[in-house]
Each structure stands twice: as C-alpha cells, then as structure tokens.
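Here is how the chains run, residue by residue.
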Amino acid sequence: MNHKAKILVVDDEQHIVLMLSDGLKQRGYKVETAFNGKEAVSKAGREEFDVAIIDIKMPEMDGIAALGEIKKMNPEVEVIMATGYGTMGTAVESMRKGAFDYVHKPFELSEIVRVVERAVEKRRFNDISRAIFSTIESNDLLEIIVNSLMNVLKADDVSLMLFDPKNRLYTAISSGASDNVRKNTRLLLSEKTIAYLKENSLNSLVLMEEPGKDPQFKNIATAGCDIKFGIFLPLTEEDKIIGLININRTGESEYFNESDLQRVKIFGSLASLALRNAKLYKQLQETQSQLIQAEKMSALGQLAGGLAHEISNPLSGILGLTQLILENSETASQNYKDLKEIEKAVFRCKKIISSLLSFARQDKFSLEPVNINEIIEETLVLCARQMEVNQHVKIVKRFGENLPRAHGDFQQLMQVFLNLITNARDVMPDGGELTIETGRSDENGRKFVTAVFRDTGPGIRQDIIDKIFDPFFTTKPVGKGTGLGLSVCMGIVHRHNGKIEATNGAEKGAVFTVSLPACE
Amino acid sequence: MNERVLIIDDDELVRNYVSRALSGRGFTLETAVNGSSAVALMEKEKFDVIICDLKMPDIQGDEVIKRARVLQPGIPVIVISGSMSESSKAVINEMKVEGALLKPFGIDEIRSLVDEVLKKTQ
Ligand SMILES: Nc1ncnc2c1ncn2[C@@H]1O[C@H](COP(=O)(O)OP(=O)(O)OP(=O)(O)O)[C@@H](O)[C@H]1O
C-alpha cells in the first residue's frame, strides 16, 4: 500500500473542480475529474479510485444518485459528499447510502484535504484488513501483518512473537531486524514485557524509549539494542495473551505520535482476530480430513467384508484339495514339496484376509478402563524373548508410574503394540534397540495416555512418511509384507478416538506415538 | 458307525473337498446344493450331523438350521462360513450350534470337528 491514493473529483462548477484538483495534485495525489454525475459513474466504471469527492447538486444525475451507482460498482471506494445548501436531510441521506463523510460548501482547501486524508487512511486499513482476513494460511498472514505495519507506521523493524506448544515465546516472523543479535534482543524485551503485563494483569500496549539505556534491561544484550522508540503490542484471545508485536524506530527517528498509537491498537485487534480465524480454519481442515479418512475406512470396510467372503470359498477349495492330494503323495517327491508351498500360500492369504477384516471391522468392541503398561507387558510376553535372543534387539522399557487408565479394548490394543514392535524388529535385522516409553499428555484440555516406540533402525523415508498408514503400502519385498500392519493399527486407534503418529527420531530411527483418551 | 452326514453348501468346490475329506471314514455322505434341497432331503431322511454354509442364494443358513431343529430335534450342526461378521456370529450364538469353522479351513479341521461333535451327541 505504498502507492499514492487516486481521487475522483466531481462538480458541475469548473472553478471548484480546478481548485480541488490542483490542491490535491500538489499534495501528491492522483486526480481525475468529472463535471456531472453521468460522467463520474462512467469514469468510475473504467478505473478504480480510492476516494471520490462528489457535489450533491448537479444537473442530469445528482450526487446522491451518482454515489449509489459508484458504490454499487466498487463498494471499496470512500466517497466524500459536498453539500451546497447544507440541509441536514441530504447529508444524512448520503451517509446512509454509504458516504464516508460530508463537507459544507463553501469549503477551504485545507478542510477538504483533512477529510481526504482520513478517507485514504480508512481505505488503507480496509485494504489491509481485507488482505488479512482473506488469508488463511498462517504464514502468509503473519507476513502481511508485519509488512503492513512496516509501511503504515514507517517503522524500521517489526517482529511478531507467538508461543510455541511448550509455551515458550519465539519469533514467528520479523522484518527489518537484520541480524540474530538484534532479533534476540527484541525477543528478550518482548518476554520481559509479557511478564510485566501478566504480573499486573494488563494487556495494554507498552512504549519504550531507548531501552538500551534503561538500567532495568542492563543484562539484555545492549549490543543489539539500537531501538530508539519501541511499541510492544500484546495480541490477545479472550483476554489471554497469545503473542506480541514489537514495532521499532531506530536511529534518528521521530517519536510515535498519538495517531500512530491509535493505528497500532486497531491493528492489534485486527491481527488477534485474524490469527484466531487462521487457527479455527486449521482446526476445521483437520476435522475435515479426519472425516474423509473415516469415510474411506468405512468404504474399505465394506469392500473388505465382501472380498473376504467371495474369496473364502475358492481359497477353502484350494486348501482342502491340496491337503487331499498331499495325503496321497510321497513325502520325498517334488510334488509333495510344491503342494506344501501352495498350502503355505493359502495360509498367507488367510492371514491377509483376517488383518484386512480386523483393520476394517465395523463391529462394536468393548472399551473399558485398561492399564497401558499391562497391555504392553502382555504383548512383550509374546515376542520379547524371541526378539532379544534371535534378533539381538534389546528392548528398553521406560514405563510411566501411576498413569491414568485408558479407555481401551485390551485385545485390540495388544494387536496395535504387537504390530509396532514387529515393525521395529523388521527394520533392525542386524540388531538394535527398541525403547518403549509410556506417559501422559494434555491436548486442548483433553487427557491422553501415550505409548512411544522408538527404534534404532534407518527411520522412515521423508517421501513416504505420509503413506505408511495406507492399506497395502509396504516397502518390503513382494510376498514379505502385506502393508496392512500400520493401517490395522490406525483403524484400531481411531476407533478408540485416539491418535497414532509417525516421526523420525532426532538421531536415527523411527518414532511411533500412540495416544489414547484417558479415563476421567 | 455309519453315521449319516449332510453337507450343505452352494459352492461345488467346497462340497467336493469336504465330502472327500470325510469319505472312507465310515460315514454315509449326502450333499445339498442349496437351502431348499437340504430341507427337502431332511424331510425324507434322518441325519446324524449337518454341515451347513450360512450364506446361500435361496434359504439362508440360519433358516435351514431352524428347520433342521424342528424336523430332527437334537441334530448337531456345524456351521462353515466365509466370514465371522457380526451377523454370522449372532447366528452361531443364537442357534447354539455344536461347531463352527471359518473358511478357508483344512481337511484335518473338519474331520476332527465332525468326530468331536458326533462323540458328544452319542
Ligand atoms: N519402525 C519403522 N521404521 C521405518 N519404517 C517403518 C517402520 N514401521 C513401518 N515402516 C514403514 O511403513 C511401511 C508400512 O508398514 P506396515 O506395518 O503397514 O506394513 P509392513 O510392515 O510393510 O507389512 P506387514 O504388516 O505385513 O509386516 C513399511 O513397509 C515400512 O516402509
């Protein structure tokens, strides 16, 4: 919004048009003129104006009609009405039709310039807030906020700080503060400000003058403190501070004046609101994708059920007949060996069908308070010894104590943990370590019990990390993996209203986290 | 000895291997290709055990079992089913059948189940 505003001047009296157009041009505005309502409307139809000054009493089409037409074409344009005989009636009518303000004729140039300035300012704010509210991607939004503030307030640097999930303040975006020392000083000053505001249960704007010279900030790197005048504006949501915008002028600049502060305040509430919108939008998107996922699951469930049924008869025949021939074959013959392979293949198919069904199973299952540590212990009974002895995978247990119980189905959760453990085993053929950690977490006020499985395998390739929960997705060689293990896990965990997530560890290996809603 | 076994399944492949698995073991075997012919057979002859598929084109398995229980009270029933869905499980529970196998099953499984069921009802 750095361009000079464009203004349309409309009056049937030539000398007024000339006076206004010259005066405004001198002040750097771009000006177009029209001598009656019709001409004004057609000009406004061809190009966009920021502001229009329209005389009310004109031949052919009067000012009020022109105002209506122009607003219809471009609701953003701010219109100032000039009323000749100053009857309140016409003025009120024009305000009702959306005029920004009105001036009485005859007027001084300086008087109209002041109104124009205000109208232009309003336009700018409208444009900025439109940009802010039409942006739903948080990152773009932050950029718009910071850049607009740089322009509007003629600031040298602007930073926007938010809280991370661990409730630590961080610099989400900053413009103008070139190096890390400067950025860091701003962050530290912002932290101090928020602490001060919280202590005094305030959320008002804080002004600082040369904080570098202020003894109370002595231990905050004075080296990076080139701030001459600083504004610290808290962002709030329902009276809670959710972040802060810091706006600074450095060097030999002017003090922020009253109208600067006014603008900053308006900005603060705009930005808070927009951030909240962005957050809601993100939540909406998440819910949507969960719904889509649930729908996919249910379609797949029906498909799986039908498929299992259709395939079970032929498969049964293959198995039965194979075994019948096996009974009459020489155990040393090649035929016998081949038939044994066929028999094994059928068992493999049987296993695929049953995991497909258990992944997609729609039937109810019994949720009761379960102890997550107990379920994992029980699962380990099935596989731990074999893993430690045969595969040299060391299993390290870090179980949380006094954990709340989870709402769960013991058998199905065993299935989930067994799949995660065998996956870990499969990615560490030459041995390694599997750490199983249990604990609790809080999310939006909901309590969860968590189990984290951390292995020392190669980790999950970044390009497939989004796909590993898809049914039939596998990187194992043909015949070795069904690609159903993780989708079974996800199906079960989702039916528990829980979450399962895959990430890569800080050093190496994959990390799978299962979160289940806690009882109470 | 010489117990009479009725095998009911609309899939020839299944009828074929089940009857071959049970042949040569002293049973008299009969097969039915659907529910209505099974009922017709049971109206004429007595059986010692029936092996019955659940999903069939005409009369469903549960209906066949109900009729069997009326025609020949106390007859043991073995269900063979392509899925253990909720509805199949419900039939198995409500009908109080003597045995059930999920397809695909092997010849040893059906042999030992038939033997077991017959031993219990003797
Ligand atoms: N611990 C892990 N480390 C790295 N990659 C993993 C890990 N667990 C799963 N994956 C990746 O996710 C893919 C899908 O896993 P999933 O359990 O669904 O099927 P699978 O293990 O391939 O087959 P199956 O379940 O039949 O053994 C795997 O092929 C592998 O690429």
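The structure we're discussing is the one just above.
All figures in this text were calculated on a predicted structure; none of them were measured in a lab.

Draft legend 1. Seen up close, the overall build of chain B. From N to C terminus, chain B includes five helices and five strands. Ordered by position from the N terminus, the helices and strands of chain B form the series β-α-β-α-β-α-β-α-β-α. With 122 residues in all, chain B has 51% of them scored as buried. Expressed as a percentage of contacts within chain B between residues at least 6 apart in sequence, the contacts between residues at least 24 apart total 62%.

Draft legend 2. Spatial organisation of the site of the ligand. Residues and elements named next belong to chain A. Among the 18 residues in the neighbourhood of the ligand, the closest are listed as Asp-455, Thr-474, Thr-475, Lys-476 and Thr-482. Asp-455 has a polar side-chain atom sitting 2.7 Å from a nitrogen atom of the ligand. At 3.1 Å, a backbone N or O of Gly-485 approaches an oxygen atom of the ligand. In isolation the ligand offers 600 Å² of accessible surface; the protein chains occlude 90% of this area. Sorting the residues of the shell around the ligand by element identifies α12 (485-495) and β17 (510-517) as the ones contributing at least two each. Residue composition of the shell around the ligand, by class: eight nonpolar, eight polar and two charged.

Draft legend 3. Molecular detail of the sheet that holds strand β4 (residues 78-83) of chain A. All names here are of chain A. The five strands lie next to each other as β2-β1-β3-β4-β5, forming an open sheet whose pairing is parallel. The two strands at the open ends of the sheet, each matched to only one other strand, are β2 (30-34) and β5 (101-104). For this sheet, the mean inter-axis angle between neighbouring strands, taken without regard to orientation, is 20 degrees. Note that strand β1 (residues 6-10) and β2 share five bridges and pair parallel. Considered in β2, the bridge of Val-10 is made with Ala-34. Sheet strands in contact with helix α2 (residues 37-46) are β1 and β2, and its direction is about 140 degrees off that of β2.

Draft legend 4. Fine view of the sheet that holds strand β3 (residues 49-53) of chain B. Residue and element names in this part refer to chain B. Here five strands make up an open sheet; going across it, the order is β2-β1-β3-β4-β5 and the pairing parallel. Two strands bound the open sheet, and with one partner strand each, they are β2 (28-32) and β5 (99-102). Strand-to-strand, the axes of this sheet are offset by a mean angle of 15 degrees, without reference to chain direction. With four bridges joining them, β3 and strand β4 (residues 77-81) adopt parallel strand pairing. Paired with Asp-53 across the bridge in β4 is Ile-80. The strands touched by helix α3 (residues 61-71) within the sheet are β1 (4-8), β3 and β4, with β3 carrying the most contacts at an inclination of about 160 degrees.

Draft legend 5. Quick peek at helix α11 (residues 410-426) of chain A. All names here are of chain A. End to end, α11 covers 24 Å across 17 residues, agreeing with the expected 24 Å (1.5 Å per residue, within 8%). Along α11, the residues that are buried comprise Gln-412, Leu-413, Met-414, Val-416, Phe-417, Asn-419, Leu-420, Ile-421, Thr-422, Ala-424 and Arg-425. N-capping of α11 is provided by Asp-409, with a side-chain oxygen placed 3.2 Å from the backbone N of Gln-411.

Draft legend 6. Layout of the nonpolar core. Residues and elements named next belong to chain A. Core analysis: the largest hydrophobic core is formed by 42 residues, its most contacted members being Phe-417, Leu-420, Leu-434, Phe-453 and Phe-512. Only α10 (372-390), β12 (393-398), α11, β14 (432-443), β15 (446-455), α12, β16 (499-504) and β17 provide two or more residues apiece to this core. Sequence-distant contacts of Phe-512, defined by excluding residues within four places in its chain, comprise Leu-420, Ala-451, Val-452, Phe-453, Ile-460, Ile-468, Phe-469, Leu-486, Glu-501 and Ala-502. In terms of nonpolar packing, the next biggest core, distinct from the first, is built from 32 residues, Leu-141, Ala-155, Leu-235 and Phe-267 among them.

Draft legend 7. Quick look at the interface of chain A and chain B. Counting residues at the interface gives 18 residues for chain A and 19 residues for chain B. A combined buried area of about 1700 Å² lies between chain A and chain B, and 61% of that area is made up of carbon and sulfur atoms. Its largest share of buried area at the contact with chain B, chain A owes to His309(A), Asn313(A) and Leu324(A), together 31% of the area lost on that side. The interface formed by chain A and chain B includes one salt bridge.

Draft legend 8. Geometry of α2(A). Residue and element names in this part refer to chain A. Within α2, the full set of buried residues consists of Gly-37, Ala-40, Val-41, Lys-43 and Ala-44. Along the axis of α2, the buried residues cluster in a sector spanning 165 degrees; they form a single face. Away from its buried face by more than 90 degrees, α2 exposes Lys-38 and Arg-46. Each element contacted by the buried residues of α2 is listed here: β1, β2 and α3 (63-73).

Draft legend 9. Focus on the pairing of β15(A). Residue and element names in this part refer to chain A. Within β15, seven of the ten residues are buried, which leaves the element mostly enclosed by the surrounding structure. Between β14 and β15, which pair antiparallel one after the other, the connecting turn spans two residues, and Asn-444 there sits at a positive phi close to 45 degrees. Where β15 and β17 come together, seven bridges link them in antiparallel fashion. Each residue of the ladder has a partner; that of Val-449, found in β17, is Leu-516.

Calculation notes
- Residues numbered from 1 in each chain as written.
- Chains lettered and ligands numbered in written order.
- Predicted model: local features only at pLDDT ≥ 70, side-chain atom pairs only at ≥ 80, totals over all residues.
- Heavy atoms only, no water.
- Helix = DSSP H or I, 4+ residues; strand = E, 2+ residues; numbered from the N terminus.
- Buried < 20%, exposed > 50% of the residue type's maximum accessible area, 1.4 Å probe, protein only.
- Contact = heavy atoms within 4.5 Å.
- Near = heavy atom within 4 Å.
- Polar contact = N/O pair within 3.5 Å; in protein donor to acceptor, adjacent residues only side chain to side chain.
- Areas by Shrake-Rupley, 256 points an atom, 1.4 Å probe, with all protein chains shown as cover.
- Nonpolar A, V, L, I, M, F, W, Y, C, P; charged D, E, K, R; others polar.
- Pairing = 2+ DSSP bridges.
- Axes fitted to C-alpha atoms, helices over the stretch in contact; angles between N-to-C directions.
- Expected span 1.5 Å × (residues − 1).
- Core = buried A, V, L, I, M, F, W, Y, C linked by side-chain atoms within 4.5 Å.
- Buried area = accessible area lost by both parts, 1.4 Å probe.
- Salt bridge = Lys/Arg side-chain N within 4 Å of Asp/Glu carboxyl O.
- Arc of directions from axis to C-beta.

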